[in-house]
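Here is how the chains run, residue by residue.
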Amino acid sequence: MMNYVAVIGTGIMAAGIAAGFIAQSIPVVILGRTKEKADACLDKAITLAFKIGLAGENAQKEIAAIKLEQSISQLEEWSNWDQCIWVIETVAENLALKQQVFAYLDQVVPAHIPIGSNSSGFPISKIAEGLKTAERMMGAHYFMPAEVVPLVEIVMGQKTALPFAQQACELYKKISKKPVLVKKDIPGFLANRIQHALMREALSLVQEGIATPEDIDDAVRYSFGFRYAAVGPMTQKEISGWDGMANAAREIYPSLSNTAFLPPKVEQLMKEGKTGMKAGEGFRKWTPEEIAKVSDSYSRRLKAAFDVLNIE
């Protein structure tokens, strides 16, 4: 077997993550609780890989080889780590379970192979706490859909060695992902901290009756959100000038929300089970037809935004 990536877990994120490597002709071994779940996840990953576009003339032939030659099995049954170049854990967001998986990987995976966790909330320092090879363990946080969204946050824990984190970043660059290195294991990592800062202010504006959810969506999409597909916020201010930003900040910052709690309107939605599309209602009601239409539009717009990101 040629150099391969091991994906631990068989859920939606696992399939999307695996697809990104398969599309670039890097073999993937999917390890789960049962062979049946692992096989199903691999099939899903291959389907997604075809959708995002396979690289290389022999990609389809190589996928056939993956299906025929790789032994997809339960995690405890896998022992062929010699040619593994990267291990990424994608199991359920349960700290005890992740710690159990990492404790096992600490024992069986050779110490020179980096190991990542796709956890969106638990710090890698806590997941890898007390493990003898914690220096090669790090966060590797994807965003859904993992096969489409380019960003992967490589998060260094208290004991993560920089060369291992840099090695992971280089691997992701080779498969056309956009890795960012987060040098301290803080809650929310990088992107979610920025995203939640925006959401806190947006929800505060709804709570205070200053704007509707629909108007907030339009305000973001048709102003700075529209620009951010072209350049990020730091570069945009380099273009427009920090002096103008500073003058506005002196006026705006004192009035921004700094609450440490969810607004009452959101708490009430949760209490009533109005969790969004999956429940048929959030801030507004959703029919099955509307859900299908918006979901399709969202996917097409993501693809268009991805095309913009690739413009040199």
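Residues numbered from 1 in each chain as written. Predicted model: local features only at pLDDT ≥ 70, side-chain atom pairs only at ≥ 80, totals over all residues. Heavy atoms only, no water.

Undergrad: Talk me through empty space enclosed by the protein; I want residue IDs and the actual numbers.
TA: Inspection of the entire model under this criterion finds one cavity of 30 Å³ or more. In this model, the largest cavity occupies a volume close to 30 Å³. What lines the largest cavity is simply Ser117, Ser119, Phe122, Ile124, Ile127, Gly139, Val155, Asp185 and Phe189. By residue class, the composition of the lining of the largest cavity is five nonpolar, three polar and one charged. (1 Å grid on protein atoms, 1.4 Å probe; cavity = no way out; pocket = protein on both sides within 12 Å on 5 of 7 lines; lining within 4 Å. Points joined across faces, edges and corners; volume = space filled by probe spheres on them. Nonpolar A, V, L, I, M, F, W, Y, C, P; charged D, E, K, R; others polar.)

Undergrad: Residue-level account of a nonpolar patch on the surface, with values.
TA: Together, Ile252, Tyr253 and Leu256 make up a nonpolar patch on the protein surface, roughly 290 Å² of accessible area in all. Within the secondary structure layout, leucine 256 lies in the loop between helix H11 (242-252) and helix H12 (264-271). Overall, leucine 256 belongs to the partly exposed group, its relative accessible area being 35%. (Patch = residues over 30% accessible without salt bridge, like charges linked within 9 Å, V, L, I, M, F, W, Y side chains within 5 Å. Areas by Shrake-Rupley, 256 points an atom, 1.4 Å probe, with all protein chains shown as cover. Salt bridge = Lys/Arg side-chain N within 4 Å of Asp/Glu carboxyl O. Helix = DSSP H or I, 4+ residues; strand = E, 2+ residues; numbered from the N terminus. Buried < 20%, exposed > 50% of the residue type's maximum accessible area, 1.4 Å probe, protein only.)

Undergrad: I'd like to hear about the environment of glycine 116, residue by residue, with values.
TA: Here glycine 116 is to be found in strand S4 (residues 115-117). On the basis of relative accessibility, which here comes to 0%, the residue glycine 116 falls in the buried class. As for glycine 116 and valine 149, which are separated by 33 residues in sequence, their C-alpha atoms are 18 Å apart. If near-sequence neighbours (up to four positions away) are discounted, glycine 116 is found in contact with Trp86, Val87, Ile88, Glu89, Phe102, Met138 and Ala140. (Contact = heavy atoms within 4.5 Å.)

Undergrad: Tell me about the side chain of glutamate 153, residues and numbers included.
TA: Summarising the element assignment, glutamate 153 is placed in strand S6 (residues 151-156). The buried charged residue glutamate 153 lacks any salt bridge partner; its closest oppositely charged side chain belongs to arginine 193, at an N-O distance of 9.2 Å. At 2.8 Å, the side chain of glutamate 153 and the side chain of histidine 141 are in polar contact. A polar atom in the side chain of glutamate 153 sits 2.6 Å from the backbone nitrogen of alanine 191. Setting aside residues no more than four positions away along its own chain, glutamate 153 makes contact with Gly139, Ala140, His141, Phe143, Val180, Val182, Phe189, Leu190, Ala191 and Asn192. (Lys, Arg positive; Asp, Glu negative; His and termini not counted. Polar contact = N/O pair within 3.5 Å; in protein donor to acceptor, adjacent residues only side chain to side chain.)

Undergrad: Describe the sheet that holds strand S2 (residues 28-31), and please don't skip the residues or the numbers.
TA: Pairing within the open sheet is mixed, and its seven strands lie in the order S2-S1-S3-S4-S5-S6-S7. Across the chains shown, the open sheet's two edge strands, defined by having one partner strand only, are S2 and strand S7 (178-182). Within this sheet the neighbouring strands show an average axis-to-axis angle of 25°, counted without direction. As judged from the three bridges shared by strand S3 (residues 84-89) and S4, these two strands associate in the parallel manner. If you follow glutamate 89 over to S4, its bridge partner there is serine 117. Most of the contacts of helix H6 (residues 162-174) go to S6, to which it runs at about 175°, and overall it touches S3, strand S5 (137-142), S6 and S7. (Pairing = 2+ DSSP bridges. Axes fitted to C-alpha atoms, helices over the stretch in contact; angles between N-to-C directions.)

Undergrad: Explain a negative patch on the surface to me, using residue names and the numbers behind them.
TA: On the surface, a cluster of negative charge is contributed by Glu214, Asp215, Asp217 and Asp218. Of note, glutamate 214 is situated in helix H8 (residues 213-221). Given the relative accessible area of 42%, glutamate 214 is considered partly exposed. (Charge placed at Lys NZ, Arg CZ, Asp CG, Glu CD.)

Undergrad: Could you give me a rundown of the pattern of salt bridges, with the residues and numbers involved?
TA: For the structure on display, the rule yields nine salt bridges. With a shortest N-O distance of 3.3 Å, lysine 173 and glutamate 170 are connected by a salt bridge. Taken together, the residues lysine 173 and glutamate 170, both in helix H6 and three residues apart, mark about one turn of the helix. Of the charged contacts, one joins lysine 303 and aspartate 307 as a salt bridge, the two residues approaching to 3.2 Å between their closest N and O atoms. Taken as a pair, lysine 303 and aspartate 307 lie in helix H13 (residues 288-309) at a separation of four residues, close to a single helical turn. Using a relative accessible area of 49% as the deciding quantity, one classes lysine 303 as partly exposed.

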